[in-house]
Amino acid sequence: MSFLARLASGVTRGRSNSQNPKQVEESKTSYRRETETERRSREHREVVQNKVNVATIYNKKDYKPVSRTSVKDLTKKNDRTLQQFRAIIDDAPVCSLEKLKQLSWSGVPQETRSVAWKLLFEYIPLNRDKREAALAKKRAEYDKMREYYLRETENDNFSEKERQAFRVIEADVHRTQPDYPLFHVKCIQAMLVRILTIWHLRHPASGYVQGMNDLTAPLLAAFLLDYINIDYDTFNVPSDLEKILSVEKLHELEADMYFCLCKILEGIQDNYTNSQPGTYRSVARIRDLLKRIDKDLLEHLETNEINLMQIVIRWVFCLLIREFPLKLAMRLFDTYISDDEGFTQLHSYISVVLLTKWSPKIKKMQFHEIMLFLQNLPTKEWSEQDINMVIAEAYVYKSMFEFDTKHKPVIISRR
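To keep things clear, this report deals only with the structure shown in the data block.

Criteria and cut-off values
- Numbering of residues begins from 1 in every chain and follows the order in which that chain's sequence is written.
- Where totals are concerned, whole chains, interfaces and linings use all residues; where local detail is concerned, this predicted model gives features only for residues with pLDDT of at least 70, and gives and counts side-chain atom pairs only at 80 or more.
- Side-chain measures here rest on the full set of heavy atoms in the structure, leaving out hydrogens and waters.
- Only runs of H or I of at least four residues qualify as helices and only runs of E of at least two qualify as strands under DSSP, and these elements are numbered from the N terminus.
- Only protein chains enter the accessibility calculation, which uses a 1.4 Å probe. A residue is then buried if its area is under 20% of the maximum for its type, exposed if over 50%, and partly exposed in between.
- What makes two residues a contact is simply this: any of their non-hydrogen atoms within 4.5 Å.
- Calculation of accessible area relied on Shrake-Rupley with a 1.4 Å probe; when residues are assessed, cover is drawn exclusively from the protein chains displayed.
- Here, nonpolar core refers to any group of buried Ala, Val, Leu, Ile, Met, Phe, Trp, Tyr and Cys residues whose side-chain atoms link them within 4.5 Å.
- Side-chain atoms alone can form a polar contact between residues adjacent in sequence; in general such a contact is a pair of N or O atoms within 3.5 Å, and within protein one must be able to donate a hydrogen while the other accepts it.
- A helix is expected to span 1.5 Å for every residue after the first.
- The salt bridge definition used is simple: a Lys or Arg side-chain nitrogen within 4 Å of an Asp or Glu carboxyl oxygen.

What follows covers the overall build of the protein. When helices and strands are tallied, the protein shows 20 helices and 0 strands. The proportion of buried residues among the 415 residues of the protein is 50%. The contacts of the protein with a sequence gap of at least 6 include a subset with a gap of at least 24, amounting to 77%. Taken as a whole, the protein presents about 20900 Å² of accessible surface, with 50% of it coming from carbon and sulfur.

Attention now moves to the nonpolar core. Core analysis: the biggest nonpolar cluster contains 120 residues, and Trp 117, Ile 188 and Ile 311 have the highest contact counts within it. Top contributing element to this core by residue count: helix H12 (residues 247-268), with 12 residues. Those residues in contact with Ile 311 that lie beyond four places of it in its chain are Leu 301, Ile 306, Leu 355, Met 371 and Leu 374.

Our next topic: the environment of Asp 172. With respect to the helices and strands, Asp 172 occurs in helix H8 (residues 160-175). Along the chain, Asp 172 and Val 193 lie 21 residues apart, while their C-alpha atoms are 8.9 Å from each other. Excluding residues that lie within four positions of it along the chain, Asp 172 makes contacts with Tyr 208, Gln 210 and Asn 213. Within the structure, Asp 172 has its side chain in polar contact with the side chain of Gln 210 (distance 3.2 Å).

On to helix H10 (residues 212-224). The terminal C-alpha atoms of H10, which comprises 13 residues, lie 19 Å apart, in line with the 18 Å expected from a rise of 1.5 Å per residue. The element H10 is largely enclosed, with a buried count of 13 among its 13 residues.

Turning our eyes to something else, we now look at the pattern of salt bridges. Scanning all chains against the criterion turns up 24 salt bridges. Linking Asp 334 and Arg 113 is a salt bridge whose minimum nitrogen-to-oxygen distance equals 2.8 Å. Placement of Asp 334 in helix H16 (residues 326-338) and of Arg 113 in helix H6 (residues 110-120) is noted, with a sequence separation of 221 residues between them. Both residues of the pair, Asp 334 and Arg 113, belong to the buried class. Linking Glu 341 and Lys 398 is a salt bridge whose minimum nitrogen-to-oxygen distance equals 2.6 Å. Pair noted here: Glu 341 is in the loop between H16 and helix H17 (342-357) and Lys 398 is in helix H20 (residues 384-402), with a separation of 57 residues, a long-range link. You can call Glu 341 partly exposed: its relative accessible area is 40%.

In short, shape yes, function no, at least from these values alone.
What follows is the structure in structure tokens.
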């Protein structure tokens, strides 16, 4: 198994096996004296220093999607993974959040994604016996918000500025994931409008900002599976979906989505507040990383008068959801949600990896070609293995730059 394959499946979080017995014994002795922070820092440093050549994960040619795993092998892996998730989510009286994060980082089976995400968002308790009561309480709380919104809407107790925001929300919802039939169902669209409008009214510091609508898409796809079967390739829906989904079920779904959306936006709200400080920090971080990893590419972009803000602002606002088929965006969210440091940091590395994936090709382009290419990345034919590869490369770079400030990796320049 290659280094990246092991890394993508989470194996490389452990230590290298290339030490001799004496080194292993010395390491065990030192390990007992280390703090948890020191241990994590050392393990990440060893991942990088254990004969990892950046060139082996750095695409020197135009990127092509990786070969697919056979259906038989993939089924075995999925069955094994599903058993692991069910053991800690359904069987254990109290779910271990640390174990859940470790498993989820490498991808969550669609059968357990809804409850796994709710646990990771801390929307429901880890204690299995308390989950049903907690859900009922939160859903009742949201019912009051929705009733207030409907009452105020009926009485038209809103300013012209608020009504203008509502029109923007409705227009954006109708543009959300336009390729998938699920997002054209009227009751689904009305629900998304309510969620975003209530969030807008309850968070005046930023209010609704275009791009937030995209963040509802993976939540809808994950949580709706509790009620109907979904084909994650097409997102086709039964013609009588509005009859299958009772009002009560829709209200449950709406409440769950609202509170989990709040959890996402809590960590990135300064991307949307006045002057958008979070967005500027993210773009500056991406530029700094690109300068260290592929200086030639950055220079080519700037020579063509391309400001990174022009390229990555949508990536920052939408957390890359628009750049992948939705099922792959959901896979990316598995890792985002389970990362201890939240969305922002890992997202910067994912963004840089995407830029460098097609570095040789981009360097041959001029301004208009570059803008068109980066606004329509060729990821429609990607599989989960491709997104796993991107996450693995991002993890390597994060290990190099975040956990060892003294170590300065040698980045191989490509011309």
